[in-house]
Amino acid sequence: MSSDDPRHLLADAFARHAAGDARGAAERARLAVAAAPDAPPVLGAAAMLLAGIDAAEALALARRLADREPANPGAYALLAKIHADLPRDVDGIETFQRFARRDLPDDARRAVLAALAALTNRAGDAAGALAVLDTLGPTADRDIEYSRLLYALYARDMTDADVMDLKRRYDARDPATPVARAGLRNRIPRIGFLGSNLGTLNYMALFAPLLDAFDRAAFEIELIALTPVQGAMAEFYRARNLNVVPVPDPARAADTIAARDLDLLIEMDDILAATGRPALRRRPARAQASWFNMTGPAADPAYDASIGNAALYPDATAPLYAEARICLPKDAFVYDPEFASLRPPPPSPAPCECNGHVTFGSLAQMYKIGAPCLDLWAAALRAAPAARFHLANAAMEEPAAAMRFVAAMETRGIDPARITTGVEKNWPGYLRGYAKIDLAFATFPIPGGTTMFEAAWQGVPTLACRGGHALTRIGDWLAAAIDAPWTACADAGEFAARAAELAADPARLIAARRDWRDLLRAKSRADTPRAARAMAEAFRAILAAKGDAA
């Protein structure tokens, strides 16, 4: 193979990229394309290499690949991934709308519409994403059907019964066959925590304190990781002699779990648990439960219980769910973003003290900011005409996304001069974005729990509006935990009135910026042992109900 052969050039490019030589990798990738400008494998490989080096060039190559091979689903998947990683969601929507007009074979058309729906959702239009998938009709593709359910949760406010019905219909598509598991009994109960975020620092700030506080003489603890655990989180687990069990093949997650001989498996993945939920439905542990922070009620008899904060389940005895509800104290605050020797930036002075006006804002990801959310926020801004609004997230790096957000608020009666945008990403550094925000607005209908805790740690209260189901009541949970009932609103009218009240008299906001971190640090240290004991009692109750000794 000659040195100017495109295959040789690409092999050299990937080797340089792995060695950290981005410039050399890009040079070799470009030479490969020059040598074979119309070869699809060269175009695809070069696009992948250049995605993190020259976004515009990578997109151009991936588009050329999709034009050269319009019937190839993989070409569209690659282009969609590059758009997502950059991000270039608004630009991607226009590109995939053009592809959707092509006469394509079924598998390519499905790939195009799935990508278009994902881009539309990430740009903040969950309802539009659902409309795209509606053109496909029901499919046998689990990923597409999972996306359909997820978009529905953000597109409209639903009741607990609505969400239960969605989950049951999703599960009915895929009857689960129980997996064989060991018949032994452990000396003490072995508890496994299953999730995709066990290596994610900001997520684990909500859970790591409990791991430290659990009575390790009473329970064996294992962490079953659906994604790799590295760096500071891996060191945290090693220092505490906590066993991390990797799941290298998600399709065999149930078999991996069954081999651990667990007395109780706690699922703590995302809202519908795209990987964890199918595994739990095969009953790989003797007893199984969901954990309140992420999943909400399960609506599935494969779960024996949902462990939830009392604020999320105001009527825990309602005959609605398939599983038992176990409620933890709603006034316990457990959160420590400093647990892995990380140092979140100190709280800044309240912006209103020098700006002369209150600034509302959000650092939430765009996929949570759909039409219901925009309606809520705009009504609050109309009620507080002197206030400003600041949105900062990774999506704002794309100028078209920022313009799209400003235009959406303008159609709701908000002067663009009142809105600013910025780019914030990479935790914990992105927390500096709160230096421009006096009062955070939670997303709606589903607020971001981790985001709200982060804001509180920075001394920034988050105003939240209650919705119709458990996951929408996270604002009630945080309000009780930090003893700030004025941050939780029953409806949109109260949300707007409270925003106007705080804009007119920001004394509470200034005091929170000054005092909350010290107060919350002390409260977390005091509340964590109590929450750990309550969680342990939940474990014992679940095991007792299954007839196992605890």
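A. Looking closely at the pattern of salt bridges. Across all of its chains, the model carries 37 salt bridges by this definition. Between Arg 63 and Asp 91 there is a salt bridge whose closest N-O contact spans 2.6 Å. In this pair, Arg 63 is assigned in helix α4 (residues 55–68) and Asp 91 in helix α6 (residues 89–100), connecting sequence segments 28 residues apart. For Arg 63, a relative accessible area of 22% corresponds to the partly exposed category. Looking at Asp 91, the relative accessible area reads 24%, which means it is partly exposed.

B. Broad picture of the state of the cysteines. Summed over all chains, the structure comprises zero disulfides. The structure places no disulfide on Cys 352, whose sulfur is separated from the nearest cysteine sulfur, that of Cys 354, by 8.2 Å. Under the relative-accessibility criterion, Cys 352 is labelled buried at 10%. Left unpaired, Cys 489 is separated from the closest cysteine sulfur, that of Cys 465, by 6.6 Å. Overall, the relative accessible area of 1% leaves Cys 489 in the buried class.

C. Geometry of the pairing of strand β5 (residues 287–291). Where burial is concerned, most of β5 is hidden: five out of the five residues are buried. Along β5, one buried face is formed by Ala 287, Ala 289 and Trp 291 and the opposite face, lined by Gln 288 and Ser 290, is buried too. As paired strands, strand β4 (residues 264–267) and β5 are joined by four bridges and run parallel to one another. Note on β5: the bridge partner recorded for Ile 266 is Ala 289. Looking at chain direction, β5 and strand β6 (residues 305–309) are connected through three bridges and run parallel. In the sheet register, Ala 289 faces β6, and the bridge partner there is Ala 305.

D. Highlighting the sheet that holds strand β10 (residues 419–422). Across the sheet, which stays open at both edges, the six strands sit in the order β10-β9-β8-β11-β12-β13 with parallel pairing between neighbours. Two strands bound the open sheet, and with one partner strand each, they are β10 and β13 (488–489). Strand direction decides the pairing type here: strand β8 (residues 359–362) and strand β11 (residues 439–441), joined by two bridges, are parallel. In the strand pairing of β11, Phe 360 is matched with Leu 439.

E. Looking closely at the packing of aromatic side chains. All told, the structure shown has 24 aromatic pairs when counted by the stated rule. On the basis of an interplanar angle of 85 degrees and a centroid distance of 5.2 Å, the ring pair of Phe 236 and Phe 339 is categorised as edge-to-face. You can see Phe 236 sitting in helix α13 (residues 231–239) and its partner Phe 339 sitting in the loop between β7 (324–328) and α16 (352–355), a full 103 residues away along the chain. Across this residue pair, the class does not change: Phe 236 and Phe 339 are buried. Measuring from ring centre to ring centre gives 5.5 Å for Phe 333 and Phe 453, while their planes differ by 20 degrees; the resulting arrangement is stacked. Here the residue Phe 333 occupies a position in the loop between β7 and α16, and Phe 453 occupies one in helix α19 (residues 449–457), the gap between them amounting to 120 residues.

F. Quick peek at the pairing of β4. Burial of β4 is two-sided: the residues Leu 264 and Ile 266 facing one way and the residues Leu 265 and Glu 267 facing the other way are all buried. By the bridge criterion, four bridges tie strand β1 (residues 190–195) to β4 in an arrangement that is parallel. Residue Phe 193 lies in a different strand from β4, and its bridge partner there is Ile 266.

G. The arrangement of helix α8 (residues 126–134) in detail. Ala 126, Gly 128, Ala 129, Leu 130, Val 132 and Leu 133 are the residues of α8 that are buried. Those residues of α8 that are buried are in contact with α7 (106–122) and α9 (142–155).

H. Structural view of the sheet that holds β6. Spatially, β3-β2-β1-β4-β5-β6-β7 is the arrangement adopted by the seven strands of the open sheet, whose pairing is parallel. On the outer flanks of this sheet lie β3 (243–246) and β7, each paired with one strand and no other. Across this sheet, the average inter-strand angle for adjacent strands is 25 degrees, counted without regard to direction.

I. Geometry of the side chain of Thr 443. By the secondary structure assignment, Thr 443 is in the loop between β11 and α19. With relative accessibility at 3%, the residue Thr 443 sits in the buried group.

The rules behind the values
- Residues numbered from 1 in each chain as written.
- Predicted model: local features only at pLDDT ≥ 70, side-chain atom pairs only at ≥ 80, totals over all residues.
- Heavy atoms only, no water.
- Salt bridge = Lys/Arg side-chain N within 4 Å of Asp/Glu carboxyl O.
- Helix = DSSP H or I, 4+ residues; strand = E, 2+ residues; numbered from the N terminus.
- Buried < 20%, exposed > 50% of the residue type's maximum accessible area, 1.4 Å probe, protein only.
- Disulfide = S-S within 2.5 Å.
- Pairing = 2+ DSSP bridges.
- Phe/Tyr/Trp six-rings, centres within 6.5 Å; stacked < 30°, edge-to-face > 60°.
- Contact = heavy atoms within 4.5 Å.
- Axes fitted to C-alpha atoms, helices over the stretch in contact; angles between N-to-C directions.

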